[in-house]
Amino acid sequence: DSPPAADDARPPVAAVILCLRGVDPFLRECLDRLAVQDYPRFEIWIVLDSPADPANRVVRAWLEESGASNVHLVHVEMEEQSKQTSLKSNSLRYAFTRLGEYVEVVALIDADTLTHPQWLRQMVAPLADSGVGVVSGHRWYSPDVRSLGSLIRFIYNTFSVVPMEHIRAVWAGSLSLRRRVFADPEFVKSLRTAACEDAVI
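These numbers come from a predicted model, not from an experiment.

Description of the overall build of the protein chain
From N to C terminus, the protein chain includes 8 helices and 6 strands. Secondary structure elements of the protein chain occur, N-terminal to C-terminal, as β-α-β-α-β-α-β-α-β-α-β-α-α-α. Radius of gyration (C-alpha) of the protein chain: 17 Å, near the 17 Å computed for a compact globule of 201 residues. Projected onto its principal axes, the C-alpha coordinates of the protein chain cover approximately 40 × 40 × 35 Å.

Comments concerning the pattern of salt bridges
Scanning the model with the defined rule gives 7 salt bridges in all. A salt bridge links Arg-28 to Glu-65; its shortest N-O distance comes to 2.6 Å. Taken together, the residues span a long stretch of sequence, with Arg-28 in helix H1 (residues 27-35) and Glu-65 in helix H2 (residues 54-66) at a distance of 37 residues. A residue is classified by how much of its surface remains accessible, and Glu-65, at 58% relative accessible area, is exposed. Asp-110 is paired through a salt bridge with Lys-88; the nearest N and O atoms lie 2.7 Å apart.

Considering helix H5 (residues 148-166)
Compared with an ideal rise of 1.5 Å per residue, which puts 19 residues at 27 Å, H5 spans 28 Å between its outermost C-alpha atoms and is within 8% of the ideal. The largest bend in H5 comes to about 30°, at Ser-160, with the proline Pro-163 one to four residues further on. Burial in H5 covers these residues: Ser-150, Asn-157, Ser-160 and Met-164. Where H5 terminates, the next one or two residues include Arg-168, which has phi positive at roughly 60°.

A short note on the side chain of Asn-90
Of note, Asn-90 is situated in helix H3 (residues 87-96). Residue Asn-90 is classed as buried on the basis of its relative accessible area, which comes to 2%. What Asn-90 contacts, discounting residues up to four positions off in sequence, is Val-76, Glu-80, Gln-81, Ser-82 and Thr-85.

As for the packing of aromatic side chains
Throughout the structure, instances matching the rule amount to 2 aromatic pairs. Ring geometry for Phe-96 and Phe-182: centres 5.7 Å apart, planes at 35°, overall tilted. One end of the pair, Phe-96, is in helix H3; the other, Phe-182, is in helix H6 (residues 179-182), and 86 residues separate them in sequence. Residue Phe-182 is classed as buried on the basis of its relative accessible area, which comes to 1%. An angle of 40° between the planes, with centres 5.9 Å apart, marks the rings of Phe-96 and Phe-187 as tilted. Note that Phe-96 is positioned in helix H3 and Phe-187 in helix H7 (residues 185-190), a separation of 91 residues in sequence. A network of ring pairs unites the aromatic residues Phe-96, Phe-182 and Phe-187 as a single cluster.

About the cut-offs
- Residues numbered from 1 in each chain as written.
- Predicted model: local features only at pLDDT ≥ 70, side-chain atom pairs only at ≥ 80, totals over all residues.
- Heavy atoms only, no water.
- Helix = DSSP H or I, 4+ residues; strand = E, 2+ residues; numbered from the N terminus.
- Rg over C-alpha atoms; globule rule 2.2 N^0.38 Å.
- Salt bridge = Lys/Arg side-chain N within 4 Å of Asp/Glu carboxyl O.
- Buried < 20%, exposed > 50% of the residue type's maximum accessible area, 1.4 Å probe, protein only.
- Expected span 1.5 Å × (residues − 1).
- Bend = angle between axes of the 7 residues up to and from the residue.
- Contact = heavy atoms within 4.5 Å.
- Phe/Tyr/Trp six-rings, centres within 6.5 Å; stacked < 30°, edge-to-face > 60°.

Rendered as structure tokens:
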């Protein structure tokens, strides 16, 4: 079946959050694909834990070339860094607390996630049901290089999808949350000591 479509009459404003550390080989393609999402009201938040991170240069070059106007590039301020959590959990917490109240949905993505144009619509549409707070995608590796490493990762991923579905595990590489989840003070507080944001969610 086709996934439900987002309601264009009044689509919820979405913020796509991409936390970066270093330059992933797929970063430019990830950004290119995010910029052409077929969704009427969204912004992209790119969060770096340091302005000295090499990803900063790549993102700034991409912004200049693409002319994207719906992108916020932010750096986690030193006083906001927590030594009790992972860098990604800290960056997410930083972003969640700075989103405008008009943002109704957030979608998390990793730098090696390559989306299709309908991705954001598919991540937002199930949230139209008030009983749904979180929507998760599944990672699927499609190696284009034949190597032992890519084969092992492909096989591991194939067999991990079933148990992930069985225990209802979420994957933060493609995940959306409604405001009542990502803005919950207890949830935001828990990210201060979270080794992995997936587990907290």
